[in-house]
Amino acid sequence: MKLKNLNLYLSHKMAQRAYFYGLGKRKTARAAVKLFPDGQGNVSVNEKKLREWADDNEMIKVVTEPLDLLGMKKDFDMEVRVSGGGKKAQAESVRLGVSRALIKKQISLKEQLREAGFLTRDPRVKERKKPGLKRARRAPQFSKR
């Protein structure tokens with residue numbers, strides 16, 4: 001095997017380390033979260049660093065809230081794949097995914113995360129348009145004459 005191919009093979013094998021998986025959803029946003037134990041607190045979202053992906057510090061806070069609550073921010077590396085929705089919905093779906101992944105690691109954390117509200121999926125989605133209406137509920141203007 002050539003040296004270049006060997007390096008690719010080794011880096012691929014090292015990338016396949018054990019992780020805890022959690023899926024989060026919010027509106028049309030979906031986040032697949034992988035939590036790698038024994039990490040240094042590195043977070044990547046869609047192969048970008050968290051600071052590059054996030055619009056402001058509030059989004060960074062939302063994404064890392066479950067780890068901050070439990071004091072485990074530096075214990076895990078996080079790899080996230082998000083799609084759909086807006087940035088705020090994506091951040092909230094990541095929070096749900098992180099919480100679910102933490103529960104898979106340690107079931108005793110469930111009560112703390114539930115009390116903080118991190119395990120509740122926000123079920124609100126856009127209502128569909130109905131026939132005969134302009135939008136979901138907006139009726140055409142009525143003209144008497």
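An account of the accompanying structure is given in this report. Here the structure is a predicted model, which means the values were calculated and not measured.

## Focus on the overall build of the protein chain
- Within the protein chain, the secondary structure is distributed over 5 helices and 5 strands.
- Taken from N to C terminus, the helices and strands of the protein chain fall in the order α-β-β-β-β-α-α-β-α-α.
- Long-range contacts, defined as pairs at least 24 residues apart, comprise 65% of the intrachain contacts of the protein chain with a sequence gap of at least 6.
- Accessible surface, the protein chain: about 10,200 Å² in total, of which carbon and sulfur atoms supply 52%.

## Comments concerning the sheet that holds strand β3 (residues 43-45)
- If you trace the 5 strands from one edge of the open sheet to the other, you get β1-β2-β5-β3-β4, paired in mixed fashion. At either margin of the open sheet sits one strand with a lone partner, and together these are β1 (20-26) and β4 (48-49).
- Looking at chain direction, β3 and β4 are connected through 2 bridges and run antiparallel. Bridge pairing in β4 places serine 44 opposite lysine 49.

## Things to note about the pairing of strand β2 (residues 29-37)
- Pairing geometry for β1 and β2, over 7 bridges, is antiparallel. The residue of β2 that forms the bridge with phenylalanine 20 is leucine 35.
- Counted between consecutive antiparallel strands, the loop separating β1 from β2 contains 2 residues, among which lysine 27 sits at a positive phi close to 55°.
- Relative to strand β5 (residues 76-83), β2 runs antiparallel, the two being bridged by 8 bridges. Bridge pairing links proline 37 to phenylalanine 76 in β5.

## Let's talk about the pattern of salt bridges
- Applying the stated rule across the entire model yields 12 salt bridges.
- Where glutamate 127 meets arginine 137, a salt bridge forms, and the shortest distance between an N and an O atom there is 3.1 Å. Of this pair, glutamate 127 sits in the segment after α5 (110-116) while arginine 137 sits in the segment after α5, and the two are 10 residues apart along the sequence.
- In this structure glutamate 127 comes out as partly exposed when scored by relative accessible area, which is 37%.
- Look at arginine 137 and you get exposed, because its relative accessible area is 67%.
- Overlapping salt bridges bring together Arg26, Lys88, Glu92, Asp122 and Arg124 as one network.

## Focus: a positive patch on the surface
- On the surface, Lys25, Arg30, Arg100, Lys104 and Arg121 cluster together into a patch of positive charge.
- Along the chain, lysine 25 turns up in strand β1.

## Quick word on the packing of aromatic side chains
- As enumerated under the stated definition, the model contains 1 aromatic pair in all.
- Here the aromatic rings of tyrosine 19 and phenylalanine 36 are separated by 5.5 Å at their centres, their planes lie at 65°, and the arrangement is edge-to-face. Placement of tyrosine 19 in the loop between α1 (3-15) and β1 and of phenylalanine 36 in strand β2 is noted, with a sequence separation of 17 residues between them.
- On the accessibility criterion, tyrosine 19 (40% relative accessible area) is partly exposed.

So, how was this worked out
Residues numbered from 1 in each chain as written. Predicted model: local features only at pLDDT ≥ 70, side-chain atom pairs only at ≥ 80, totals over all residues. Heavy atoms only, no water. Helix = DSSP H or I, 4+ residues; strand = E, 2+ residues; numbered from the N terminus. Contact = heavy atoms within 4.5 Å. Areas by Shrake-Rupley, 256 points an atom, 1.4 Å probe, with all protein chains shown as cover. Pairing = 2+ DSSP bridges. Salt bridge = Lys/Arg side-chain N within 4 Å of Asp/Glu carboxyl O. Buried < 20%, exposed > 50% of the residue type's maximum accessible area, 1.4 Å probe, protein only. Patch = residues over 30% accessible without salt bridge, like charges linked within 9 Å, V, L, I, M, F, W, Y side chains within 5 Å. Lys, Arg positive; Asp, Glu negative; His and termini not counted. Charge placed at Lys NZ, Arg CZ, Asp CG, Glu CD. Phe/Tyr/Trp six-rings, centres within 6.5 Å; stacked < 30°, edge-to-face > 60°.

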